[in-house]
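# Notes for the structure review
Residues per chain, in single letters:
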Amino acid sequence: MTLPIANIEVLYPLMFACAWGLLVLTVEMFSLSRRFVGIGWLSALGLAAVAGISLSGQGAGEVFAGAVALDAFSVYFYVLLSVLAIFAVFLSMDYVPLAGIIHGEFYPLILFAVAGLLVMVSATDLIVMFLGLETMSMAVYVLAGIRKDELRSNEAALKYFLLGAFASALLLYGIALIYAITGSTVLGSVANAIASTDYLAADSLVLMLGVGMLLAGFAFKIAAVPFHLWTPDVYEGAPTTVSAFMATAVKAGAFAALLRIVLVALAPVMPDLSWLMWVLAASTMTMGNFVALRQTNVKRMLAYSSIAHTGYLLVGVTAATAEAGAAVLYYLAAYGVMNIGAFGVLAALTRRRHALQEISDFAGLGQNRPVLALVMSICMLSLMGMPPLAGFVGKFYLFTAALEAGYTVLVVIAVLNSVVSAAYYLGVLRAMYFQSADAEEYSPRPYLNFAVTAAAAVTVALGLAPSPVMGAASRAFSSIILGP
Amino acid sequence: MELLVLAVSAAFLSGGLYLMLDRTLLRVVIGIGLLSNGTNLLLLSTSGLTPGGAPILAAAGHGETAIVDPLPQALILTAIVIGFGVTALLLTLAYRTYQSQGSEDLGELHGRLADE
Amino acid sequence: MGAVLIALLLPFAGAILLNLFSAPRSARAGWVASLFAGASFLAVASAALGGIEQPPTLYLPWAPALDLSLSLLADGLSLLFALVISAVGVVVFTFAAAYLEPHEQRRRFFCYLLLFMGAMLGVVFSSNLLALFVFWELTSISSFLLIGFWHHKERSRYGALKALVITATGGLAMLLGFIMIGLVCGTFEIPELLGRGDLLAASPWALPAVLLVIAGAITKSAQFPFHLWLPTAMEAPTPVSAYLHAATMVKAGLYLVARLGPIMSPLPLWTPLLTVIGIATMVWCSYLALRQSDLKGLLAFSTVSQLGLIMSMLAAARPEAAAAGLFHLLNHAAFKGALFLLVGVIEHEAHTRDVCELGPLRKQMPKTHLLLALGALSMAGMPPLGGFISKEMFLEQALHLGPLLAMLSVAGAVLTAAYCFALAFGVGRGRKTEGASATATSGAEAPHDPHFSLLWGPGLLITVALLFGLFPQSLAGALVAGAVEAAVPGSSLHLHLSLWHGFSPTLAASAVALGSGYILYSRWWQTRTPDNPLLVTDRIYDFKLEKLESWSKAVTVSYMSGLVWRYNTIILCVGVAAISAVFLCFPVPQLQAWPARSPLVFEVAVALTAIAAVIGTCIAKTRLAAILSLGASGYTLALMFALLGAPDLALTQIMVETISVALFLAVFVFLPSWRPPETRPLRPGHLALSITAGCGACYLVALARGHRTATSIAEFFIENSAKLAGWHNIVNVILVDFRGLDTLGEISVLGIAALACYAAIKMAPQRS
C-alpha cells in the first residue's frame, strides 16, 4: 500500500472552492458598499470556475489513500452543485437586500457550504465524508439564522442545529460500529470486508445496526422519515434563498454521499436492507404528501413536497440497480432546478422584509405578473410530474427502473402519492389563475427574475431533451459501481 | 474494566439524551456536549480495550508489547475538536437568541412564533 | 406524414403566437384561432384524402434511453378521430368567437382551446404509448383550465378540480399499465406491440395491465362509476362543453380502447369488463338524464350514456361491432356538438338552461328549436337521420351479447329515446311549473333567435348529421372502413352503410325503442318535475376529499408541533422501536467473552465520579451547578482516556473541556438564573426513554466486540508508522501524515465555526 499524493490535481476543484471562499470573504471585508451585488457576481464566477475546472478533466483518480476520488460521479455532482449554488447566489443578489440581511458573510458561507458539499460527494472514506458534512452543516446552520432580529429565522437555525447535532452523533456512532466490525472506514475496504464474510450470520446484526445509524445520520440531511421533522420549520424560518439552497444543493450532496455508502460500501448487504429502504421510501413520500395537503403556507408546502420527493428518490435507492442509480442522479438535477424555480418565485414576491408565503398571496399572479406565474406553473407542474417537463421524465425514469427491479408495490404507492401531490400543487395554480387580486408595486428585481426564468427554462429543456443529462448521470453512476 | 467503561458511556449517553429532551436551551446544549463525550468513549471502546499500552512505539522500534488500535483514537481526536466547534457555535446562537428574545425556553420561543 | 405533423404543430404554434401578439381581450383572437384550427383541419383532411401512407409512422426521438419518442402514427383510426377533432374544432372556434362577451379574456380562452386541440390531435397521432400519455395528460390540464375559465364561480372551480383529479388519476393508472406493457413487450411503439401481444398474454402482468389501462379509459370517457365528473364539468363555457365534453376529449377513452383492442382484447377481462361497463353506463346514465332539469346536465348524462354505448361496441373487437361504434361516434360528434352549442345559444338568449323555466321555444326561437329537435331526433335514432343507422347497427350487435345485455341495450335505447323526445318537444312547449314562471318572465325582453353567426355552426353540424343518414356510404363508408381495419387488424369486413336494412329483428327493436320512448316521455316525463338526483359517487368523492383533509390536519397537529424536544422524542422512540424490532426478527449474537481484567480501585473510583457528575448535570437546579458538573464529567472522562491507553486524547479532552467550561461560564454571566418552570422535577418518561436508548447503544457496542471480521487497517499504521513517517506516536502520525486530510477537514470545520460565531455575534441584537 502506497500513499500517492502525486495526482493532487484531483483536489483542484475543492481547493479552488475553499480559496475562492476566502477571497470573497476578504473582498467583502474591504468593500464599503452595503449592496453586495459585486460580491454576488464574484461568488457566481467562482462557482462557475469550480464547475469548469471539474469538467476540464484535469486529473482523475484518488488521493489520500482512497479518501477522496474524482470520478465521473464526483464531476457530475461538482457541476450540479455549482449550478444549483449559482442559482442560489443569483436569487440572493436581489433577495439579500430585500430581506434586510446586512451580513457580508452570506456569500462566503454559501461558498464554504459548497466546499463542504464537494468534499462530501467525492469522499470515499466515511470520516472524510463526515468532515465534509460537518463543514457544510456549520455554514448552513448560520445561513439559516442569518436574518437579523427575526425570531423565525433564529428559531429555525437553532432547531436545525440541535437536531443536526443529534444526527451527527448518530452518524459518528454508526461509523464507529462499522469500523468495529470491518476494521476500515474506506468505502471500498468496508465493502470487501463485508463481502468476504458471511454477513447473514448473527454477527452481522451489529453491522446492520451500524449501517442503520449511518443511514439515520443521512436521513436527517435528506429529510427522510422519521428525521424529517425539522424540515418545514427550518425551511419556513430560513431566508428563502437559503431554503432553496438547502432543499436542492444540500439534499443533492447528501444523496450523493448516501448513494456512495449504500451502493458501494453496503452493496453486499443491500439485498438484506432493501426492506428498510422500502419502508423508508414509502413512509417518507406518504408522510410528506399527506401533510402537505393541509398547508396554506407555500414555503411549508414546498418543504413537505421536498420530503415527498426524498421519498421518490429513495425508491431509486431501494431498487439499487444501475438504471435506478442513474435515475436518482437525473432526478436530483431535475428536482434541484424546478425547486430553485419555485423557491425563487417565493423570493421574488418578497416585499421589504416581509415574505409572501400564503397561497392566498399568489392570487391574481397570473394577471399581475404573468411571467412569474408561468415560471411557478412550470415548476409546480414539473414537481407534480406532469409531462413533458423534467419532473415527469425523472419520475418516469425512476419508476421504470424500480419496476424493472421488481418493486411493483412501491411504485404503485409512489404513483398514488403523485396523485395526492397534484392536489396541493394545483392549489397554487388555482390561486394564481382562478383568483384575482390587485396588482402590487414591486421594485425591479433583475437577478431574481433572470434566475427563476432560467430555472423554468432549464426545467422545460431537461424535460424535452433529457438525453445529455441522462447520459451523464448514467456514466457518473456506473463510475462508482464499476470502480475499485 | 470493560464493563466499567461501558457503564460510564451508558451514563453519558443516557444523561445527554435526557437533557436533549428538555425544553431549556442551555440544558439541550449541555446534553449535546454529554452525548458527544459519551460517543467518544464508546468509540474508544471499539478499539478493543485490550490490556495494552498506548499506541506509541518503543523508541527502538521493535517493542513487542501489544498496543491498542490507534485509528479510533485519531478519529476521536477529530470528533472532540469538532464537538467543541459545535458547542461553541451553539452557545453563540443560544446566547444571541436569549439576548434578542429574552427567553431560552424553546416552547416559549415557538409559542411566540405561533402568536405572530 | 408531413401533413400530419403540420396539423399537429399548428394549434401549438397558434397558441404561442396568440399569446405573444394579442391583447388579452382582443376581439380578433377568436378569428385568428379559428384560422389556425381551420388550417389544421385542412392538413388532416389532405392527409386523409391522400390515403394512408405506408408505413404510417414517423419517428422523432425524445429520450431514447427510456424508449420515449414522439413518433407519429396516421392510420385509418387516427385519421377518423383527427377529422372529428379538427372539424368540430373549426365549428366550435368560430362559434366561440361570436359567443364570448367582449369583456372576457378571449386571448386566454383561445390559447387554452388551441392547446387542447393540439393535445387531442397528439393523443390520436401518437405512435408511442408514452407520447400518448403525455398528450393525454395535457388534455386533462387544458380541460382543467377551460372548465375553470369562469373562475369567479365556485362551482366552476370545484368542477375543474374534480375533472382533473379523476382524469389525471386515471391517466397515471394508465401510465403504470403502459409501463408494464412496455417492460413485458420490450417496446412502447404501438405498431411493434401489435405483433407481441402473446408476450403480454404469457406474462403475470397481463391482468394488472388490463385493469390499469381500463381505468385510464373509463375515467377519461366518464364511464360508470367515474361518470361523476362530467356533469360538474358543465360549468365550463358552452363551447368548451361542446368541444371537450361531447365531441372530443371524452372520446379519448374510446380511442384508447379501439387503439389497444388488437393487443388487449385477447387478454382476459378486457372485452367482458368493458362491455358490461359500457352497457351499464348507457342504461344508468340515460335514466339519470331523464331526471335532469338543467339542459346541460341532461346533455352531460346523455353524453356519458352514448359513450357507454360506443364503448361496449369497441370493446368487442369484432369488425361489425367496431364499425357500429365508430359510425355512431361520428354521428354523436355531429349531433351532440350541435346540441351543446344550441343549448349555449338558448342560455345566451334566455339566460337560463332550466327546462322548467324556459318559455315556449318553438314560438320564441323557431330556428334554434328546429335544429335542437333535429339533433335530438338523430340521437333518438329517428330515420332518416344518421343516428338511426348507427343505432340499428348497435342493436344488431347487441343481440349477440346474450339475452341479459341485449335486453339492457334495448332498455337503454328506450330511455334514450324518451329523453331525446323530452329535449325535442318537452323544452319547446314551454312546460312551466309554478314558482318558476316568475323568474322566466322577469327578463327585459322575450328571447329570440340569435344572429346568424351563432346559428350557422350548429346548423352545419346538424346538416352533417342529416347527410350521414341520407348518404352514409359515400360520406362515411371509407372513413369507417379504414378505421375498422386499424382497430381490428386482419378483418375482412364488407361494410355497406345504408338507411334501409330491410325488415329485421333490429328494425323491430328500433321501432319498439322509439315507441316506448315516446310513451315514457308523454306519460312519465311530462307529468313530473325533474329532481336532479344527487349522485352517490359524488357524495363519495366529496366525503373522501373532506376525510383526506381532516386526516391530514389531525396528523399535522399531532406530530408537527414545532417543538424540538418533541421531535427528539419521536426520533428516539422510532429508533428504539426499530432496533428492538430488528432484535426480535433476527438472531441475536452472543456476547463474546472478553479478556477479563478486573479494574483497579481507583479506576472504579474514576468511573463512579464520572457517572455521578453526569447525574449531577442532569438534575442540577442552577446553571452554575449544571455547568460545573459538566466540567467535572469532562475531566473525569479525560482521566478515563488516560487509563485506557490514550494519552493524546486525554490531553486534548482536558484542553477542550477547559475552554468549553470557560465559554459556558462566559455565556452564563449574561443569563439570569433558572426560575421555576426551568427547575421542574424529573420527567420519568423521558428518563426511561433516554436510559433505554443510552444503555441500548452501549449494549450494541458490546455485541460488536470480538466480531471484527477483517484485519484492521490499524495493522498498517502500526507497521508503517515508524518506517514511513518516522515517528513513534502512531496517533500523531495518523493525524498529521497518514490521514492528514482529516485533520485539514477538522481545521476547516473549526474555521467555519469560528467564522459562523463571528457572524452570529456580529448580528447585534436590536434592543427593543
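Residues numbered from 1 in each chain as written. Chains lettered and ligands numbered in written order. Predicted model: local features only at pLDDT ≥ 70, side-chain atom pairs only at ≥ 80, totals over all residues. Heavy atoms only, no water.

## Considering the interface of chain C and chain A
The figure often quoted for interface size is the accessible area lost as the parts come together. How we decide: The contact definition used throughout considers only heavy atoms, calling two residues in contact when any of these lie within 4.5 Å. The term buried area denotes the loss of accessible surface (1.4 Å probe radius) that occurs when two parts are joined, taken as the sum for both partners. One side-chain nitrogen of Lys or Arg within 4 Å of one carboxyl oxygen of Asp or Glu is enough to make a salt bridge. Any N or O atom pair separated by 3.5 Å or less is treated as a polar contact, with the protein-specific requirement of one donor-capable and one acceptor-capable atom, and with residues adjacent in sequence counted only for side-chain atom pairs. What counts as a helix is a DSSP run of H or I of at least four residues, what counts as a strand is a run of E of at least two, and both are numbered from the N terminus. Any residue that is not Ala, Val, Leu, Ile, Met, Phe, Trp, Tyr, Cys, Pro, Asp, Glu, Lys or Arg is counted as polar, Gly included; the first ten are nonpolar and the last four charged.
Tallying the contact residues gives 87 residues for chain C and 90 residues for chain A. Each partner contributes to the roughly 8100 Å² buried at the junction of chain C and chain A, and carbon and sulfur atoms together form 78% of this total. Along the contact surface separating chain C from chain A lie zero salt bridges. Taken together, the links from chain C to chain A amount to two residue pairs in polar contact (both at pLDDT 80 or more). Looking at the side of chain C that touches chain A element by element, the count peaks at twelve residues for helix α32 (residues 740-762) of chain C. Grouping the constituent residues of the side of chain C that touches chain A by class yields 63 nonpolar, 14 polar and ten charged.

## Overview of the nonpolar core
The nonpolar side chains of a soluble globular protein tend to be buried, and buried together. Selection criterion: As used here, the term nonpolar core means buried Ala, Val, Leu, Ile, Met, Phe, Trp, Tyr and Cys residues forming a set that is joined through side-chain atoms within 4.5 Å. Residue exposure (1.4 Å probe, protein chains only): buried if accessible area is under 20% of the type maximum, exposed if over 50%, otherwise partly exposed. The source of the domain bounds is an automatic or database domain assignment.
Phe 245 and Phe 362 of chain A together with Phe 110 of chain C are the most contacted members of the largest nonpolar core, which has 548 residues in total. The leading source of residues in this core is helix α6 (residues 151-182) of chain A, at 22 residues. Split by domain, this core shows at least three residues from each of two domains, domain 1 (128-539) and domain 2 (575-767) of chain C. Setting aside anything within four residues of it in sequence, one finds Phe 110 of chain C in contact with Leu 18, Ala 29, Gly 30, Ala 33, Phe 93, Ala 96, Ala 97 and Leu 100 of chain C.

## Let's talk about the side chain of Arg 27 of chain B
Residue and element names in this part refer to chain B. Tracing the backbone through its elements, the reader meets Arg 27 in helix α2 (residues 25-46). Residue classification places Arg 27 among the buried residues on the basis of a relative accessible area of 6%. Polar side-chain contacts of Arg 27 include one of 3.2 Å to the side chain of Asp 22.

## A look at the interface of chain B and chain C
Facing 75 residues of chain B, the contacting portion of chain C comprises 91 residues. Taken as a group, Met 1, Tyr 18 and Leu 21 of chain B account for 11% of the area that chain B buries against chain C, more than any other trio of residues on that side. At the junction of chain B with chain C, the criterion picks out zero salt bridges. Counting every contact that joins chain B to chain C gives two residue pairs in polar contact (both at pLDDT 80 or more). Within the residue set of the side of chain B that touches chain C, elements represented by two or more residues are α1 (2-20), α2, α3 (70-101) and α4 (106-115) of chain B. The element best represented in the side of chain B that touches chain C is α3 of chain B, accounting for 23 residues.

## Remarks on the confidence of the model for chain B
Residue and element names in this part refer to chain B. Let me state the cut-off plainly: Along the chain, pLDDT gives the predictor's confidence residue by residue, from 0 to 100.
When the pLDDT values of chain B are averaged, the result is 78; 78% of them are 70 or greater. Within chain B, the element-level pLDDT minimum falls on α4, averaging 73, and the maximum on α1, averaging 89. Between residues 59-64, whose pLDDT stays under 50, and residues either more than four places distant or in other chains, the model counts two contacts.

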